[in-house]
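# Commentary on secondary and tertiary structure
If you want the building blocks of each chain, they are given just below.
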2 protein chains.
Amino acid sequence: MLRLGPFAAAAARFLPAGPRPGPLCLAGNRGSFARSWLLVGDRGPLSRQVRAAAGGERVPVLKTPKGTRDHPPAQAALRERLLSAVVSCFKRHGAAAIDTPVLELRETLVGKYGEGTKLIYELQDQGGELLALRYDLTVPFARYLAMNKITSMKRYHVAKVYRRDNPATTRGRYREFYQCDFDIAGQFDPMIPDAECLKIVHEILSDLQLGDFVIKVRLGGFSVPPWEAVLGMTGVLLRLQVTARLVPTGGLELIERLLQDPKLSQNKLAKEGLGDMKLLFEYLTLFGITGKISFDLSLARGLDYYTGVIFEAVLLQQEKEQVEEPASVGSVAGGGRYDGLVGMFDPKGRKVPCVGVSIGIERIFSILEQRLEASGEKLRTTETQVLVATPQKHLLAARLKLISELWDAGIKAEMLYKKDPKLLKQLHYCEDTGIPLAAIVGEQELADGVVKLRDIATREEVDIPREKLIAEIRRRLEP
Amino acid sequence: MLRLGPFAAAAARFLPAGPRPGPLCLAGNRGSFARSWLLVGDRGPLSRQVRAAAGGERVPVLKTPKGTRDHPPAQAALRERLLSAVVSCFKRHGAAAIDTPVLELRETLVGKYGEGTKLIYELQDQGGELLALRYDLTVPFARYLAMNKITSMKRYHVAKVYRRDNPATTRGRYREFYQCDFDIAGQFDPMIPDAECLKIVHEILSDLQLGDFVIKVRLGGFSVPPWEAVLGMTGVLLRLQVTARLVPTGGLELIERLLQDPKLSQNKLAKEGLGDMKLLFEYLTLFGITGKISFDLSLARGLDYYTGVIFEAVLLQQEKEQVEEPASVGSVAGGGRYDGLVGMFDPKGRKVPCVGVSIGIERIFSILEQRLEASGEKLRTTETQVLVATPQKHLLAARLKLISELWDAGIKAEMLYKKDPKLLKQLHYCEDTGIPLAAIVGEQELADGVVKLRDIATREEVDIPREKLIAEIRRRLEP
C-alpha cells in the first residue's frame, strides 16, 4: 500500500477483495472513489444498507449533530457577505491570514480554559496521538507563535471552533461556530495596538449597521485591593459611570480625577493602569471613536485576570430587548491584552505580548438573518449573469455551443439541463434566481447569425450580432 | 447557568469559585474570556503550568497533529488564490454554496466508504450522540439533499475533510485536507450535466496552467460480461486506445464501431452505455474540449461500481516524472455519476440522480508551492496600500489622526506601533512587505497642511494638500 500514490492508497481501500483493478481504477480521485464505492451493485457493506433502507428495515436518522447546522444557499450567501465585511476590515488594518488545523494535540488545549476544559471535544483514541477539536483560535495562535519562534505578527483567522456547550441556537449559540479573530503580537509602545483593536470593533459594527452600540473598556493589570479603595472613594462617581456613557472629555476627566486622588496615587500599579487608560483615551480621541467608548469601572472583581485593557462591545437595543440578560445577549465582540499565553508554550517561558479582538459572528449572523426574514428581501444565492435559452425544439447543440463561448469568455452563464425546455420555463428560471439577462438562440437567430439578448427586468429584446455578443453582455453588466 | 446569555454561560465557566462577578464580567466574549482565564495570576490550573513551563518542569510539546499542518501567511495567501480560482469557476457555472458541519452523526458516515470506514476519525463518547469527522463532502451532500427533500440542486462546497490515512505530505496527502466539490443533483436529460462537469475540470486545469493534462473518461452503468466480449473482439483497437489520446472524431469513430458490432449490439445495456458515450462526446465536441479527453477502455473491472460515466484528470508531465505510480500521482481531479447515494438516506429509498466533480486541491497546491519556491517569487501576504510614516519624533498623534482618516476612507493602511520609529525603518517595512505608498507627515508638512506621498518603488515624493490626499491615493492605486 505504501508504494501507492496519494489517491491510489485511499482508492485501493474502496476496492472489494479479489483481483486488483488496473491503474485508472486505482487512480481515482478520493471523492470520485468514495462515490464509486457507494454505488456497488450487489456486493459490499453498502448495498446491504441500501436494501435495508429501501426495505424499510432501518430508517436512517436524518439530522446534523446537536448544536450544529447546515447552511443552505441563502444562509451561506449571507454568511459569505458578513465574513467578507469582517475580513476586509482586518485586511484594511494590514493583517495577514494564517490557518491552523481544526485538530490539536489534546495537551495543547487541556488546562487552558479552566472549567471550559469540560467543553472540549475529544477524539477517540484510535491509536497514535490523543487529539481534540480546537476550542478557540487564540490558543492555537499562541501555539503557532511559540512553535515558530515568532515574536511579532499581525494576523487574522476566520474559522470554526468547537464547544460541547449548551446550545441556544435561536440566540446564535452553537457547538460548531465561527470565530473571527484579529490579533497583534509583539513588543510595542503601550496602548497603540490596543487602540487599533478598539478602532476595528468600531469600524466593523458601524459597517454592519447593527444599530447603536457601546464598547465597554475595563482596566486591568493591577490587583484588587487598591481598587476596593478606589471603589470606596469614588463611589458616587462610579455609580454614574456604570450606566452613563462617557463623552470624550468625560473619559479623560474621570481618569484625571482618579490619578489626582491622593490615596490612589500611592499605589504604583494603579497609577500605571490609569496612566495607560489615559494614553488609550488620547489615542481613541485621535481616532474619533470615544463617543462609543464607555470607561467601565462597574467591576472591581476579575481585574487581576488581565495583563492589560479588556473590552467588550454590546448592542444597546439588543440590551433593551432582553432585560433578563442585559449585558450578555447583546455582546457581539470582545477582546483584550494577554501577554502571558505565548510564554506558556515556550520551553523557556519567553513571553510575546499580545492583544486581540474576536468578533461574535454567530450572534451578528442571527441578527442579520432575522432582519433579512423581516425585510422579505430575497438574497441571490448564485452570481449567474446570463441564461442561454432556446425558443424551439432541437436546439440543444446551439445552446451548448453558445454557453461554452460565454464560459470561455469568463461570463457566468447557465442553461437548463433539458433537451427541449419551454421558453417560458427558461424565462421563469431567470426571474426565480435573479439572472438579469437571457441570450436566446432560435432558428431565425442562427440563420441571421445573431443572438436575441433579453433584459429580464424590462423584457426588452435586441438582436446582437454573434461576434459582438460578449462585448455587449460585458457592457450591460458594468456597474 | 441556563438563564445566562450565550457568552455568559461560557464565560461563567472561566470564573474561579467565590462570589459571582457582575454583568460585564459575565458578558465577556468567549474569545476574550478564554484569554482572560489564561492570564490568571496566582490561582487556577493555568498558573501552575506557567510555572512548570517556566521552571522547565515540563516542556510542552510544540507540534500539530500527525498529517496536519499550519498555513503561515505565504501559504495561506497561495491557498486563497488557488481556492478563489476554483470557486470562481464553480460560480461561473451557476453553482450555489452550501455549508455542512465538520461533525456528522457516526451512523451517517459509517458503512459508506467500504474499507475506508477504518480511516474515519471518531469522537470520544462524551455523552449524547456518537459523532465522527466528515470523510468527504459527498455523503454530507447526499444527507443534506435527503434531509431537506431536495430533488434538484447545483451546489459547490469547499471545505476540510478528515482521514486517518497514511500521510505523505510531500505529495500533498494529509489527514486534514481541503476538498472542492461541484455537484449537480436532479432528473435531467442524459449526459448534459455530465458534460458540464468535464468542462469544469477542463476550465480549472487550463486556468491554473498546470501543464498538459488528460481527462480519462470511463464507461459505466452496465455489467462486465458484455465488456469481456467487447475487449475480446476489439482488442487491437483497444490496445491503441489505452495509450493514444483521441482526436475528437476518433472518439466518436470508436464508439460508432463498437455500436455497429453485431455481437455487442445484442446487449441492451451495452448499447445504452455506448449511446450515452456517443451523446457525451457530441456535447464535449460542442464544448471544444475533446482534444484533452481520453475515452479509456483499459479497464473492464469495476465498471459495475458506477451508475454512469466516471472520469479522472491526470497531469501528463507528473505522470512522466513519477514512473512508479503512473496514473495515481498525477491525478488532480475526479468524479462521476452516482445516482444511488441520496436514496440511501431516504426512508423510502427515493433516488436523486447526481453527477459531480472533486478537484484534488492539495495535490495542485503542493505543485504550485514547489513552483513558487523554484521561481523565488515572493507572494504578498497583506494588501496594505499605504504606510503612514513620520520623519521626526513626537509625531505619533499626527500618524494616528492621518491613518484613521485613511481607514475611514476604506484605504488599507498600516503604521509601525512605535512612538518614534526611524524613517528609514518605516521605509524598509514598506519594501519588505510590498507596500507601494508611504504617506509622510513631518513638522513641515503639518505646518503647510500637506502630506508627502512617496512612491516606494521610484522613491519619488510629492507634497499633496491634505484635503486632496485620499483622492490622489485612490488615483495612484487604480489598476
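Residues numbered from 1 in each chain as written. Chains lettered and ligands numbered in written order. Predicted model: local features only at pLDDT ≥ 70, side-chain atom pairs only at ≥ 80, totals over all residues. Heavy atoms only, no water.

Per an unreviewed UniProt entry, chain A goes by the name histidine--tRNA ligase and belongs to Cyanoderma ruficeps. Chain A has a UniProt comment under Catalytic activity (unreviewed entry) that states "tRNA(His) + L-histidine + ATP = L-histidyl-tRNA(His) + AMP + diphosphate + H(+)". UniProt, in its Sequence similarities (unreviewed entry) section for chain A, records the words "Belongs to the class-II aminoacyl-tRNA synthetase family." (UniProt positions renumbered as here; feature names shortened; annotations may be inferred.)

### Comments concerning the overall build of chain A
The secondary structure content of chain A amounts to 21 helices and 15 strands. Total accessible area on chain A stands at roughly 18400 Å², and carbon and sulfur atoms take up 54% of it. (Helix = DSSP H or I, 4+ residues; strand = E, 2+ residues; numbered from the N terminus. Areas by Shrake-Rupley, 256 points an atom, 1.4 Å probe, with all protein chains shown as cover.)

### Brief notes about the nonpolar core
Ranked by size, the top nonpolar core spans 82 residues in total, and within it Phe90, Leu280, Phe311, Ile359 and Ile364 of chain A together with Leu406 of chain B carry the most contacts. Of all hydrophobic cores here, the second largest spans 81 residues; its members include Cys89, Cys180, Ile184 and Ile204 of chain B. (Core = buried A, V, L, I, M, F, W, Y, C linked by side-chain atoms within 4.5 Å. Buried < 20%, exposed > 50% of the residue type's maximum accessible area, 1.4 Å probe, protein only.)

### Describing the sheet that holds strand E9 (residues 331-337) of chain B
Residues and elements named next belong to chain B. If you walk across this open sheet you meet the 8 strands as E1-E4-E5-E10-E9-E8-E6-E7, and the pairing is mixed. Edge positions in the sheet fall to strand E1 (96-97) and strand E7 (293-295), since each has one partner strand and no second. Pairing analysis gives 6 bridges linking strand E5 (residues 176-185) to strand E10 (residues 354-359), with the strands arranged antiparallel. The partner of phenylalanine 182 across the bridge, within E10, is valine 357. Along the sheet, helix H17 (residues 361-375) contacts E5, strand E8 (310-315), E9 and E10; its crossing angle with E5, the most-contacted strand, is approximately 125°. (Pairing = 2+ DSSP bridges. Contact = heavy atoms within 4.5 Å. Axes fitted to C-alpha atoms, helices over the stretch in contact; angles between N-to-C directions.)

### Things to note about the side chain of serine 366 of chain A
Residue and element names in this part refer to chain A. Examined against the element boundaries, serine 366 turns out to sit in helix H17 (residues 361-375). Under the relative-accessibility criterion, serine 366 is labelled buried at 6%. Within polar-contact distance, the side chain of serine 366 engages the backbone oxygen of arginine 363 at 3.0 Å. Not counting chain neighbours up to four residues away, the residues in contact with serine 366 comprise Thr170, Arg171 and Gly172. (Polar contact = N/O pair within 3.5 Å; in protein donor to acceptor, adjacent residues only side chain to side chain.)

### Here we look at the confidence of the model for chain A
Residue and element names in this part refer to chain A. When pLDDT is averaged across chain A, the result is 80; 75% of the residues are at 70 or more. The low-confidence segment residues 221-229 (pLDDT under 50) makes 18 contacts with residues lying over four places distant or belonging to another chain. Scored below 50 in pLDDT, residues 231-249 shows 31 contacts in the model against residues more than four places distant or in partner chains. What the predictor reports for the complex is a pTM of 0.83 with an ipTM of 0.83. (pLDDT = per-residue confidence, 0-100.)

### Remarks on the environment of valine 355 of chain A
Residue and element names in this part refer to chain A. Structurally, valine 355 is set in strand E10 (residues 354-359). Of the residues examined, valine 355 reaches a relative accessible area of 1% and is grouped as buried. In the structure, valine 355 is positioned 158 residues away from cysteine 197 in sequence and 7.7 Å away in space, judged by C-alpha atoms.

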